[in-house]
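Listed here are the chains, written in short residue letters.
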Amino acid sequence: MQKVLILFAHPSQGRSEVNYPLFEASRHFEGVTVVDLYAEYPNFRIDIDKEQARLIEHDIIVFMFPLYWYSTPSILKEWQDLVFEHGFAYGKDGDQLKGKTFLAAVSTGGSEDAYQTDGYNHFTLRELLHPLEQTAVFTGMKYLPPFALFSARTAVEEDRVQCHIRDWHLVIQALQASCFDHTICDQTETINCVMPKIKSCLEGVCK
């Protein structure tokens, strides 16, 4: 079973109606480690050795966060700047992340239509996350398209949160079972688009 590390970053958890429930739901899986970065590092003093050891121990790295101004919350950027250092994540002898899988689990305030070339954000979500994609490529990780929930502000009243969490459970199971076809994923905007294939793969594994 592939080991999953979830790095959760939400600076306003008391107002989180999607990300925090998703994070909490992730605690109950065998082989999944969950880390609340804001709780663990309230002063932003990242323990680099500890975080690098976590990365080495896991096969799949997940960044879980709400999209803030087209990027990650600040602590997650600080974490990247310090932990993905030369000699560990890249450069001479910096191959500790090579072969691992990277995925972002993201929520957005705007609708999916807004994240299109002709939408008011002018770019797709995957395009806006290109810095994370290139980070994964540069460090030798296999990049998967984001697992996304659009229009997060209305997800509760529209009764979409539990369905999102159920799909996330399937994604975790698929990650652990190595169910992803990277050729298909490379052509996909979000993992949500391939949920039928994920379910089909898991049914085959269970048999």
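Residues numbered from 1 in each chain as written. Predicted model: local features only at pLDDT ≥ 70, side-chain atom pairs only at ≥ 80, totals over all residues. Heavy atoms only, no water.

Trainee: What exactly am I supposed to notice about the packing of aromatic side chains here?
Mentor: Two aromatic rings, taken as a pair, are described by how far apart their centres are and by the angle between their planes. Considering all chains together, one arrives at 12 aromatic pairs under this definition. Taking 6.1 Å as the distance between ring centres and 55 degrees as the angle between the ring planes, the aromatic pair formed by Phe8 and Tyr20 counts as tilted. Here Tyr20 lies in helix 1 (residues 19–25) and Phe8 lies in strand 1 (residues 4–8), a separation of 12 residues in the sequence. In this structure Phe8 comes out as buried when scored by relative accessible area, which is 0%. Ring centres 4.4 Å apart and planes at 15 degrees place the aromatic pair Phe8 and Phe23 in the stacked group. One end of the pair, Phe8, is in strand 1; the other, Phe23, is in helix 1, and 15 residues separate them in sequence. The same class applies to Phe8 and to Phe23, which are both buried. Members of the aromatic cluster, joined through ring pairs, are Phe63, Trp79, Phe84, Phe102 and Tyr143. (Phe/Tyr/Trp six-rings, centres within 6.5 Å; stacked < 30°, edge-to-face > 60°. Helix = DSSP H or I, 4+ residues; strand = E, 2+ residues; numbered from the N terminus. Buried < 20%, exposed > 50% of the residue type's maximum accessible area, 1.4 Å probe, protein only.)

Trainee: Just checking my understanding: could you explain the packing of helix 3 (residues 48–57) against helix 4 (residues 74–83) for this structure?
Mentor: In a pair of packed helices, the angle between the axes and the distance between the axes together describe the arrangement. Across the interface, helix 3 lies against helix 4 with an axial gap of 10 Å and an inter-helix angle of 85 degrees. Put simply, helix 3 runs roughly perpendicular to helix 4. Between helix 3, through Ile48, Glu51, Gln52 and Leu55, and helix 4, the contact on the second element is made entirely by Trp79, Leu82 and Val83. Split by residue class, the contact of helix 3 with helix 4 holds five nonpolar, one polar and one charged. (Axes fitted to C-alpha atoms, helices over the stretch in contact; angles between N-to-C directions. Parallel < 35°, antiparallel > 145°, perpendicular 65-115°, else oblique. Contact = heavy atoms within 4.5 Å. Nonpolar A, V, L, I, M, F, W, Y, C, P; charged D, E, K, R; others polar.)

Trainee: Could you clarify how one ought to interpret a negative patch on the surface in this entry?
Mentor: On the surface, Glu112, Asp113, Asp118, Glu127 and Glu189 cluster together into a patch of negative charge. Tracing the backbone shows Asp118 in the loop between strand 4 (101–107) and helix 5 (125–128). (Patch = residues over 30% accessible without salt bridge, like charges linked within 9 Å, V, L, I, M, F, W, Y side chains within 5 Å. Areas by Shrake-Rupley, 256 points an atom, 1.4 Å probe, with all protein chains shown as cover. Salt bridge = Lys/Arg side-chain N within 4 Å of Asp/Glu carboxyl O. Lys, Arg positive; Asp, Glu negative; His and termini not counted. Charge placed at Lys NZ, Arg CZ, Asp CG, Glu CD.)

Trainee: Honestly, the pattern of salt bridges in this entry has me stumped. Any pointers?
Mentor: It is possible for side chains bearing opposite charge to pair when their charged atoms get close. All told, the structure shown has eight salt bridges when counted by the stated rule. Asp81 is the salt-bridge partner of Lys77, the closest N and O atoms lying 2.6 Å from each other. With Lys77 and Asp81 both in helix 4 and four residues apart, the pair spans about one turn of that helix. For Arg160, the salt bridge identified is with Glu158, shortest N-O distance 2.9 Å. For Arg160, a relative accessible area of 23% gives the class partly exposed. Residues participating in the shared-partner salt-bridge network are Glu40, Lys50, Glu51 and Arg54.

Trainee: Is there a simple way to explain the pairing of strand 4 in this structure?
Mentor: Along any regular strand, the residues point their side chains to alternate faces of the sheet. Counting buried residues along strand 4, seven of its seven residues qualify, which places the element largely inside the surrounding structure. As paired elements, strand 3 (residues 60–66) and strand 4 share seven bridges and run parallel to each other. Looking at strand 4, one finds that Phe63 is bridged to Ala104. Handedness of the crossover joining strand 3 and strand 4 through helix 4: right-handed. Sheet topology note: the strand 4/strand 5 (residues 142–143) ladder contains two bridges and is parallel. By the bridge assignment for strand 5, Phe102 is matched with Tyr143. (Pairing = 2+ DSSP bridges. Right-handed = clockwise from strand over helix to strand, strands pointing away.)

Trainee: So what exactly am I meant to see when it comes to the side chain of His10 here?
Mentor: Summarising the element assignment, His10 is placed in the loop between strand 1 and helix 1. Classification of His10 as buried rests on a relative accessible area of 7%. In this structure the side chain of His10 is engaged in a polar contact, spanning 3.1 Å, whose partner is the backbone nitrogen of Ser12. Ignoring any residue separated from it by four or fewer positions in sequence, one finds His10 in contact with Ser16, Asn19, Tyr38, Pro66 and Tyr68. (Polar contact = N/O pair within 3.5 Å; in protein donor to acceptor, adjacent residues only side chain to side chain.)

All quantities given are derived from atomic positions and should not be read as evidence of function.
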